[in-house]
Each structure stands twice: as structure tokens, then as C-alpha cells.
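Inside the fold
Single-letter residue listing:
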Amino acid sequence: SQQGEEDPQALSIQEGENATMNCSYKTSINNLQWYRQNSGRGLVHLILIRSNEREKHSGRLRVTLDTSKKSSSLLITASRAADTASYFCATPSYNTDKLIFGTGTRLQVFP
Amino acid sequence: SQTIHQWPATLVQPVGSPLSLECTVEGTSNPNLYWYRQAAGRGLQLLFYSVGIGQISSEVPQNLSASRPQDRQFILSSKKLLLSDSGFYLCAWSVSPRDGNTIYFGEGSWLTVV
């Protein structure tokens, strides 16, 4: 299976702290995408990093990609209670348009 | 702009009854369409994806089937539901995610089989 694994499965922090989530995948990729899911809702795209990029920023989000280790990390800086959600990485299959999601990290940010 | 509609939002069905979940996309042509299932507190499992009318790829052997009768319509069905079919079903669309395009999700359908 190409499904990614995310680590940790759950993370609890205080507002203002940074949150780091990691994702590992199994096959070659063109890009890796991060999504957020509020409880009971559909997923929303956060940020995409291409296989030839090593780091990307968007607001309080920082994503890194290490293709040699087949891993990525998502850092949320200065977290807020509104960041409470589940976060998933997703990898498109290299030669098809299937998008495989990781197992997710449940982030809880306490005020 | 593109939108995706998925219904019904919630349903409770007895074991052995049929199922039909429907998804439609507006504002785009020839999208890739996807059905995912999410068990409570778990990750997303890709069930089916389609690159065109009548073209369905099944990812996991199961009690479900999918059809794409029109370009922007994707239907998830079952003839006889099992308890294990309970979960949160998400429809999604995309244009070539391997080229760097994102995937857009509907709001999901909660299915409880009793």
C-alpha cells in the first residue's frame, strides 16, 4: 500500500506553542500535499510541496520534504485554539491520479 | 467557481438494505472523481476513483460499487449493507493531483448501519 503514516497520531499543546507533524510515504512522488480536517467535515487543502523543493512556507505553516527519506513535516508556528483539527498528508500516485492519504495527526490546541 | 455537492448528509440504514450516495460537481469539466471512507477517528481509505464517464477503478474489495453516469456525477452504491459499512464517506474531485493540483472535498455523508 502507498498509504503514508503520520506521527504522532495525536498531539496536545498550549496556544502559542509550535506543532510539528511528520509524514512518511512509500513510493516515488511528484508532490506531497497537506490537508486539514475539522471534526466531521471535509478536508481542506493547506499547502503543496513539489518533489524538487525542500522547504515551503505559507503564513504560519512551514513544510519540509526529504525525498531520500521519503518523509515530510508540517510545522504550525504560534498555534491557536482554532488550529485544533486533524492534519493529513497526501501523495498522488506517480503515474496515476489516485491521491492516497496518510493516517493523520489529531492536533488539540488548548487556550 | 467550482463546487461539489454530496448528499445525503446523514443516514441510518438497517443491515441488508441498499445504499445510494450521490455527488455532483459544478464549474469544471472532466474532473477526476473520488470516493473515500473514513472510520471514526481514522485516516481516509480510497474506495473508488474515476477519470471519466464509465471509468471506475476499485481500490478495495468490498460490499460497495461506484458509477459515473455523467461527467460530473459520481454515485456510491450497495445492494446489501453490512455493519462494517458504517463510516464517514467523502466525495472529492481534482484535476491531475500528480501535476500539483489539489483535491476538493464535499462535506461528507455519515452512514450508520444498524
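Located above this text is the structure these notes cover.
All residue numbers here refer to positions counted from 1 along the written sequence of the relevant chain. Chains and ligands are labelled sequentially in the order written, the chains with letters from A and the ligands with numbers from 1. Predicted model: local features are reported for residues with pLDDT of at least 70 only, side-chain atom pairs are reported and counted for 80 or more only, and whole-chain, interface and lining totals are derived from all residues. As a convention, hydrogens and water are excluded, and side-chain values are obtained from all of the structure's heavy atoms.

Some words on the overall build of chain B
To keep things clear, this is the line we draw: Under the scheme used here, helices are H or I runs from DSSP no shorter than 4 residues and strands are E runs no shorter than 2 residues, and both carry numbers assigned from the N terminus. All radius of gyration figures rest on C-alpha atoms, and the globule criterion is 2.2 Å times the number of residues raised to 0.38. Think of it in three bands: residues with accessible area under 20% of the maximum for their type are buried, residues over 50% are exposed, and the middle band is partly exposed, with areas taken using a 1.4 Å probe on protein chains only.
Counting its secondary structure elements, chain B contains zero helices and eleven strands. Reading chain B from its N terminus to its C terminus gives the helix and strand order β-β-β-β-β-β-β-β-β-β-β. The C-alpha radius of gyration of chain B comes to 13 Å, within 12% of the 13 Å expected for a compact globule of 114 residues. Relative to its full complement of 114 residues, chain B shows a buried share of 49%.

Focus on the interface of chain B and chain A
Worth spelling out the cut-off: In what follows, a contact means two residues having at least one pair of non-hydrogen atoms within 4.5 Å. What counts as buried area is the accessible surface, traced by a 1.4 Å probe, that two parts surrender upon association, with contributions from both included. Any Lys or Arg side-chain nitrogen located within 4 Å of an Asp or Glu carboxyl oxygen qualifies as a salt bridge. Each polar contact in these results corresponds to two N or O atoms within 3.5 Å; when the atoms are within protein, one needs to be able to donate a hydrogen and the other to accept it, and residues that are neighboring in sequence are counted only if both atoms are side-chain atoms. When residues are grouped by polarity, Ala, Val, Leu, Ile, Met, Phe, Trp, Tyr, Cys and Pro land in nonpolar, Asp, Glu, Lys and Arg in charged, and all others, Gly among them, in polar.
Listed by partner, the interface residues are 25 residues for chain B and 27 residues for chain A. Taken together, the two surfaces of chain B and chain A that pack against each other cover about 1,900 Å², and 52% of this comes from carbon and sulfur. For the pair chain B and chain A, the interface holds three salt bridges. Of the charged contacts in the structure, one is a salt bridge between Arg41 of chain A and Glu107 of chain B, with a shortest N-O distance of 2.5 Å. Our count for the chain B to chain A interface comes out at 13 residue pairs in polar contact (both at pLDDT 80 or more). Secondary-structure elements contributing two or more residues to the side of chain B that touches chain A are β4 (32-38), β5 (44-52), β9 (87-94) and β10 (103-105) of chain B. Of the residues forming the side of chain B that touches chain A, the biggest block, four residues, is contributed by β4 of chain B. Grouping the constituent residues of the side of chain B that touches chain A by class yields eleven nonpolar, nine polar and five charged.

A closer look at the packing of aromatic side chains
How two aromatic rings sit relative to each other is set out by the distance from centre to centre and by the angle between their planes. Going by this rule: Working definition: rings of Phe, Tyr and Trp (its six-membered ring) pair if their centres are within 6.5 Å, and the pair is stacked with planes under 30 degrees apart, edge-to-face with planes over 60 apart, and tilted otherwise.
Under the counting rule described, the total for this entry stands at ten aromatic pairs over all chains. Between Tyr35 of chain A and Phe105 of chain B, the ring centres sit 6.3 Å apart and the planes meet at 80°, which makes this aromatic pair edge-to-face. Taken together, the positions of Tyr35 of chain A in strand β4 (residues 31-37) and Phe105 of chain B in strand β10 put the pair across two chains. Looking at Phe105 of chain B, the relative accessible area reads 9%, which means it is buried. For the ring pair Tyr34 of chain B and Tyr49 of chain B, a centre distance of 6.0 Å and an interplane angle of 15° mean the geometry is stacked. In this pair, Tyr34 of chain B is assigned in strand β4 and Tyr49 of chain B in strand β5, connecting sequence segments 15 residues apart. Assessed through its relative accessible area of 10%, Tyr49 of chain B is described here as buried. Ring-pair connections join several aromatic residues into one group, and the members of that group are Tyr35 and Phe101 of chain A together with Tyr34, Tyr36, Tyr49 and Phe105 of chain B.

Re the sheet that holds strand β1 (residues 3-7) of chain B
Residues and elements named next belong to chain B. Note the cut-off: When DSSP locates at least two bridges between a pair of strands, those strands are taken to pair. Only the stretch in contact is used when fitting a helix axis, every axis being a line fitted to C-alpha atoms; angles between N-to-C directions are given from 0 to 180 degrees.
Reading across the sheet, the four strands line up as β1-β3-β8-β7 and stay open at both edges, with antiparallel pairing between neighbours. Only two strands of the sheet have a single neighbouring strand rather than two, namely β1 and β7 (65-70). On average, each strand axis in the sheet is inclined to that of its neighbour by 20°, with strand direction left out of account. Of the strand pairs in this sheet, β1 and strand β3 (residues 19-26) are connected by five bridges, and their pairing is antiparallel. Residue pairing for β3: Trp7 is matched across the bridge by Glu22.

What to know about the state of the cysteines
Our working definition: The disulfide criterion used throughout: a pair of cysteine sulfur atoms within 2.5 Å.
Under the definition given, this model contains two disulfides over all chains. The residue that forms a disulfide with Cys23 of chain A is Cys89 of chain A, at a sulfur-sulfur distance of 2.0 Å. The disulfide joining Cys23 of chain A to Cys89 of chain A has a torsion of about 70° about its S-S bond and is therefore right-handed. Highlighted residues: Cys23 of chain A in strand β3 (residues 19-24) and Cys89 of chain A in strand β9 (residues 85-92), separated in sequence by 66 residues. Across a sulfur-sulfur distance of 2.0 Å, Cys23 of chain B and Cys91 of chain B are joined as a disulfide pair. Here the disulfide of Cys23 of chain B and Cys91 of chain B is left-handed, its torsion about the S-S bond being about -75°. Taken together, the positions of Cys23 of chain B in strand β3 and Cys91 of chain B in strand β9 put the pair 68 residues apart, joining distant regions of the chain. The two residues Cys23 of chain B and Cys91 of chain B agree in class, both being buried.

Some words on the environment of Leu82 of chain B
All names here are of chain B. Mapped onto the elements, Leu82 comes out in the loop between β8 (73-78) and β9. Leu82 sits in the partly exposed class, given a relative accessible area of 42%. Along the primary structure Leu82 and Ile56 are separated by 26 residues, whereas in three dimensions their C-alpha atoms are 22 Å apart.

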